[in-house]
Amino acid sequence: MAVSRRNVLLQGAVIGAGVIASNVPGMKALAAGQPPERRTLQGLAWNDPIVATYRDGVGLLKQKAASDKTSWAGLAGIHGTNPGAYHFCPHGNWYFLPWHRAYILTYERFIRELTKNNDFALPYWDWTADPAMPEVLLKPTTPDGRQNWLYVDDQDFGKRWKRTWPPGEPMPARFVGAPVLQDILNSPDYEAFGTSRPQGQNNLDPSWVLNRSGDQGTLERLPHNMVHNSIGGWMPSALSPRDPIFFMHHCNIDRIWALWNSLGNGNSDDALWTDMQFTNNFINTDGSPYSPKVSDLFAPETLGYTYGLPSQVAAATASPNLLALQNKLVTLRAPGIAKSADVKTFSVAPTGQTFGTAAAPLSLSVNVDPALIGAVARRKPVSSGAEFLNFAAAREQRATGTRVIAFLRDVMVTQPEDTEYRVFLDRPNLTAQVPVSDPSYVGSFGVFVHGEHGGHGSGEFNPSFAIDLTSAVQRVYGIGQPGPHGLKLQFLPVPIRPDVPVGTIRPGRVEIAFINA
Amino acid sequence: MANAGPRRAAVGCFLVLALWIAAASAEEGDQLRATVDQPARITATEAAPGSNGAATSRRVVVSVTHYRPTDDGSPIEVVVKARTAGGGEQDIGSFGITPDREFTSTAPSTTQRFSFALPSEFVAVLAAGKPVIFSVHLVPVRGEGRGAALRVGTIELH
């Protein structure tokens, strides 16, 4: 049976509708099924049900009287009282993420209620994958001639509010690019990831929520702040929720928090954080106060939405192999933790001062246990999940079997702004003319350099990269074995444009990790 | 989370080893104020460098006590750089200030703070008791950035 994306959405909708409409507590909701999934705006047309519902919901909120606390202007008043003054919302401290999770959830619930569409979940703007502002927010009317409530051209506080960032122009990669996201996801603990506690906090007085003296890490200080400020109009102000793009931006911030958790990173368990209650900060759709504690806001699925990520709660019951794999990967990534018995690693460091160049790629051979290559070859093909409409089962299948990952540590490069670094596996006669469609091609990466002076960006050392070799090993070695030289990785720098000089590359060390799940 | 304990312990080992109160340094005076034409410059040394040159400080926290956005509302990026005496400047990272409105900190609770990993070469320099010169630049994202200004309160090494 051919399965369309719409059919998949509808099935999710039926499950989600029961969860939200009956307002059952989180764990019962989990038992009932997966709640509606928040999806990327990328590729969604103006008349996609998700976009249409959001547009209609925003329109209904905007058409309420501004004096109504449940109107578009009224709900924005939760965030800021005027363009220069915040009301309840925390920035510059460790309540930034949970408070905004509850805030955008408030809007999601209102839109479900107003549009009578209980399968609606907010879409997010994945500015790393698609850095230009989403098109569905940029024109005053929709193609069928109706008012586009997601467009902004407002008159208030004695001035005109319009976005100033040019449509179609990408947000700079130095704010939102993949290396920035990697830096964020590498944060070692919650306070480095989601901004630290306010200086001197020693109790749960609500005034700490508005104290801005925490140390802002990369997530808040760079993509959060710079996307707000770059868009212009309402977005750089404390009344930023008056722009519908606010919720797409913050939904992505919220997704990154969920993603960081799903990678095995735990939230703070300090009671000064977990026990803080946002008393009377938010509003339920019936107008009553919504006052969650931070610890009520950990798992999206218990709040009535999901990002389709393996949350700790859902994975524990439904995906034991996936959870086990995450724990094994953590032992590879986190310092100070003994490696899992199911993880076997082999490493090599280049000798001398040899660098890989476009004319002479660098080859590094790693002696590995041949039996492990065979285990990778016997791994089952990965399902997309669409054929049996169960993505959780597909993720579980994907996590099962032996996989192999290469960790390229302390990678030294030159000319990074002009160079793409390609990795191949055991390719005879490798030259820059070998296409990326070659079976031996593993993947590519770039190295982020910010500013005219180059340097290391915000990292502490030369960058490191992890590359999944599983598919390449299956293609290149099949049920055979590497030669006596071992598993051979090759590093080939190529120019990103024909008219630029190409750099060189030399990993400080290569680790090959076989993970059995 | 089962693995959170060891990581928390590791993080807990980061002690504040030096606090350089920029405002107290009379000779640097206006060098704490940044505009698009003139970065703020602050020299930092560890108060108690590691014994035998061991690496100690690994993060730098920049605090901002005053900020004024551009006259035309165009966005500004704040870029933090570092160099050793006689060395070239290197980017440490960047940040924005939200909301993009003028503020002057009148209390520690309203001072905004931004945290950055310190590249290993600077960790080593500080551990040897030598100074690192930090500069804070206002860089227009669009437009010319006229009117924007920022005042650095402190540079802390953690």
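Our subject in this report is the structure included herewith.

The rules behind the values
- Residues numbered from 1 in each chain as written.
- Chains lettered and ligands numbered in written order.
- Predicted model: local features only at pLDDT ≥ 70, side-chain atom pairs only at ≥ 80, totals over all residues.
- Heavy atoms only, no water.
- Helix = DSSP H or I, 4+ residues; strand = E, 2+ residues; numbered from the N terminus.
- Buried < 20%, exposed > 50% of the residue type's maximum accessible area, 1.4 Å probe, protein only.
- Contact = heavy atoms within 4.5 Å.
- Areas by Shrake-Rupley, 256 points an atom, 1.4 Å probe, with all protein chains shown as cover.
- Pairing = 2+ DSSP bridges.
- Axes fitted to C-alpha atoms, helices over the stretch in contact; angles between N-to-C directions.
- Parallel < 35°, antiparallel > 145°, perpendicular 65-115°, else oblique.
- Left-handed = near helix turned anticlockwise from the far one by under 90°.
- Nonpolar A, V, L, I, M, F, W, Y, C, P; charged D, E, K, R; others polar.
- Salt bridge = Lys/Arg side-chain N within 4 Å of Asp/Glu carboxyl O.
- 1 Å grid on protein atoms, 1.4 Å probe; cavity = no way out; pocket = protein on both sides within 12 Å on 5 of 7 lines; lining within 4 Å.
- Points joined across faces, edges and corners; volume = space filled by probe spheres on them.
- Phe/Tyr/Trp six-rings, centres within 6.5 Å; stacked < 30°, edge-to-face > 60°.
- Arc of directions from axis to C-beta.
- Lys, Arg positive; Asp, Glu negative; His and termini not counted.
- Polar contact = N/O pair within 3.5 Å; in protein donor to acceptor, adjacent residues only side chain to side chain.

**Some words on the overall build of chain B**
Phase 1 of the analysis: Helix and strand content of chain B: 2 helices and 10 strands.
Phase 2 of the analysis: From first element to last, N terminus to C terminus, chain B shows the α and β order α-β-β-β-β-β-β-β-β-α-β-β.
Phase 3 of the analysis: When each of the 158 residues of chain B is scored for burial, the buried share is 53%.
Phase 4 of the analysis: A separation threshold of at least 6 residues defines the contact pool for chain B, and within that pool the share at least 24 residues apart is 77%.
Phase 5 of the analysis: For chain B, the exposed area adds up to about 6,400 Å²; of that, 53% sits on carbon and sulfur atoms.

**Structural notes on the overall build of chain A**
Phase 1 of the analysis: Helices and strands together make up the secondary structure of chain A, namely 17 helices and 15 strands.
Phase 2 of the analysis: When the 517 residues of chain A are sorted by exposure, 53% land in the buried category.
Phase 3 of the analysis: Contacts spanning at least 24 positions in sequence make up 72% of the contacts within chain A whose residues lie at least 6 apart.
Phase 4 of the analysis: In the structure as shown, chain A presents an accessible area of about 20,700 Å², 53% of it carried by carbon and sulfur atoms.

**Quick word on the pairing of strand β3 (residues 153–156) of chain A**
Residue and element names in this part refer to chain A.
Phase 1 of the analysis: Sheet topology places β3 next to strand β4 (residues 159–162); 4 bridges connect them, and they run antiparallel. In the strand pairing of β4, Asp156 is matched with Lys159.
Phase 2 of the analysis: Counting the residues between successive antiparallel strands, the hairpin from β3 to β4 contains 2 residues, one of them, Phe157, with a positive phi of roughly 50 degrees.

**Examining unusual backbone geometry**
Phase 1 of the analysis: In this model, Thr98 of chain B is joined to Pro99 of chain B through a cis peptide bond whose omega is -5 degrees.
Phase 2 of the analysis: Assignment of secondary structure puts Pro99 of chain B in the loop between β6 (90–95) and β7 (103–104).
Phase 3 of the analysis: Unusually for a residue other than glycine, Thr195 of chain A sits at a positive phi of about 75 degrees.
Phase 4 of the analysis: Looking at Thr195 of chain A, the relative accessible area reads 0%, which means it is buried.
Phase 5 of the analysis: Its identity is not glycine, yet Asn429 of chain A carries a phi of approximately 55 degrees, on the positive side.
Phase 6 of the analysis: Tracing the sequence through the fold places Asn429 of chain A in the loop between β11 (419–425) and β12 (441–445).

**So, the packing of helix α7 (residues 178–185) of chain A against helix α9 (residues 218–231) of chain A**
Residues and elements named next belong to chain A.
Phase 1 of the analysis: Closest axis-to-axis distance for the α7/α9 pair is 10 Å, and the angle between their directions is 155 degrees. Classified by the interaxial angle, the pair formed by α7 and α9 is roughly antiparallel. Every pair of crossing elements has a handedness; the one defined by α7 and α9 is left-handed. The residues of α9 that touch α7, namely those facing Val180, Asp183 and Ile184, are Thr218, Leu219, Leu222 and Pro223.
Phase 2 of the analysis: Split into classes, the residues belonging to the contact of α7 with α9 amount to 5 nonpolar, 1 polar and 1 charged.

**Considerations on the pattern of salt bridges**
Residue and element names in this part refer to chain A.
Phase 1 of the analysis: This structure, assessed with the given rule, holds 22 salt bridges over all chains.
Phase 2 of the analysis: Asp270 serves as the salt-bridge partner of Arg197, at 2.9 Å between the closest nitrogen and oxygen. Of this pair, Arg197 sits in the loop between α8 (190–193) and β5 (215–216) while Asp270 sits in the loop between α10 (245–262) and α11 (271–274), and the two are 73 residues apart along the sequence.
Phase 3 of the analysis: The exposure class of Arg197 is partly exposed, given its relative accessible area of 26%.
Phase 4 of the analysis: Residue Asp270 is classed as partly exposed on the basis of its relative accessible area, which comes to 23%.
Phase 5 of the analysis: Its salt-bridge partner being Arg509, residue Glu511 comes within 2.4 Å of it at the nearest N-O pair.
Phase 6 of the analysis: Members of the salt-bridge network, linked through shared partners, are Arg38, Arg101, Glu108, Arg112 and Asp254.

**Some points on the sheet that holds strand β9 (residues 132–140) of chain B**
Phase 1 of the analysis: The antiparallel open sheet is built from 4 strands, whose spatial order is β3-β9-β5-β6 (chain B). Every interior strand has two partners, whereas the edge strands, β3 (40–44) and β6 of chain B, have only one. Strand-to-strand twist in this sheet, taken as the mean axis angle between neighbours without regard to direction, amounts to 25 degrees.
Phase 2 of the analysis: Along the sheet, α9 of chain A makes contact with β5 (76–84) and β6 of chain B, crossing β6 of chain B at roughly 50 degrees.
Phase 3 of the analysis: With respect to the sheet, helix α2 (residues 120–127) of chain B is in contact with β3, β5, β6 and β9 of chain B, its orientation differing from that of β5 of chain B by roughly 50 degrees.

**What about empty space enclosed by the protein?**
All names here are of chain A.
Phase 1 of the analysis: One pass over the structure, following the stated rule, counts 2 cavities of 30 Å³ or more.
Phase 2 of the analysis: Roughly 50 Å³ of volume is contained in the second largest cavity.
Phase 3 of the analysis: Surrounding the second largest cavity, Phe96, Leu97, His100, Arg101, Ile104, His250, Ile253 and Asp254 form its lining.
Phase 4 of the analysis: For the lining of the second largest cavity, the secondary-structure elements that each account for two or more residues are α5 (96–115) and α10.
Phase 5 of the analysis: A total of 5 residues in the lining of the second largest cavity trace back to one element, the largest contributor, which is α5.
Phase 6 of the analysis: Considering only residue class, the lining of the second largest cavity consists of 4 nonpolar, 2 polar and 2 charged.

**Quick word on the packing of aromatic side chains**
Here the distance between the centres and the angle between the planes together describe a pair of aromatic rings.
All names here are of chain A.
Phase 1 of the analysis: Taken as a whole and judged by the stated rule, the model has 30 aromatic pairs over all chains.
Phase 2 of the analysis: With a centroid separation of 6.2 Å and 90 degrees between ring planes, the pair formed by Tyr95 and Phe278 is classed as edge-to-face. In this pair, Tyr95 is assigned in the loop between β2 (85–86) and α5 and Phe278 in the loop between α11 and β6 (282–283), connecting sequence segments 183 residues apart. For the pair formed by Tyr95 and Phe278, the shared burial category is buried.
Phase 3 of the analysis: Arranged with centres 5.4 Å apart and planes meeting at 65 degrees, the rings of Phe424 and Tyr441 form a pair that is edge-to-face.

**A look at the environment of Gly478 of chain A**
Residues and elements named next belong to chain A.
Phase 1 of the analysis: Along the chain, Gly478 turns up in the loop between α17 (470–477) and β14 (487–495).
Phase 2 of the analysis: Linking Gly478 and Val376, residues 102 residues apart in sequence, is a C-alpha distance of 8.8 Å.
Phase 3 of the analysis: Among all residues touching Gly478, those that are not within four sequence positions of it are Ala377 and Val473.

**Here's the deal with α17 of chain A**
Residues and elements named next belong to chain A.
Phase 1 of the analysis: The set of residues buried in α17 consists of Thr470, Ala472, Val473 and Tyr477. Looking down the long axis of α17, one finds its buried residues gathered within 160 degrees of arc, a one-sided arrangement.
Phase 2 of the analysis: In this fold, the buried residues of α17 make contact with α15 (370–377), β10 (402–413), β11, β12, β13 (465–468) and β14.
Phase 3 of the analysis: Gly478 lies just past α17 and shows a positive phi near 50 degrees.

**Observations concerning the side chain of Arg221 of chain A**
Phase 1 of the analysis: By secondary structure assignment, the location of Arg221 of chain A is in helix α9.
Phase 2 of the analysis: Despite its burial, Arg221 of chain A pairs with no opposite charge; the closest candidate is Asp183 of chain A, at 4.9 Å N-O.
Phase 3 of the analysis: There is a polar contact of 3.2 Å between the side chain of Arg221 of chain A and the side chain of Thr218 of chain A.
Phase 4 of the analysis: A polar contact is formed between the side chain of Arg221 of chain A and the backbone oxygen of Ser115 of chain B, at a distance of 3.1 Å.

**Looking at the environment of Tyr107 of chain A**
Residues and elements named next belong to chain A.
Phase 1 of the analysis: Following the sequence through the fold, Tyr107 ends up in helix α5.
Phase 2 of the analysis: For the pair Tyr107 and Trp72, spaced 35 residues apart in the sequence, the C-alpha separation amounts to 9.3 Å.
Phase 3 of the analysis: Setting aside residues no more than four positions away along its own chain, Tyr107 makes contact with Leu61, Trp72, Leu75, Ala76, Pro241 and Phe247.
Phase 4 of the analysis: Reaching out from Tyr107, the side chain makes a polar contact with the backbone nitrogen of Ala76 at a distance of 3.2 Å.

**Notes on the sheet that holds β11 of chain A**
Residue and element names in this part refer to chain A.
Phase 1 of the analysis: In spatial order, the strands read β9-β14-β11-β12; together these 4 strands make up an open sheet with antiparallel pairing. Every other strand in the sheet has two partners, leaving β9 (362–366) and β12 as the edge strands with one partner each. The average undirected angle you get between the axes of adjacent strands in this sheet is 20 degrees.
Phase 2 of the analysis: Note: β9 against β14, 5 bridges, orientation antiparallel. Paired with Leu362 across the bridge in β14 is Phe491.
Phase 3 of the analysis: Contacts between α17 and the sheet are confined to β11, β12 and β14, with β11 contributing the most and set at about 50 degrees to the helix.

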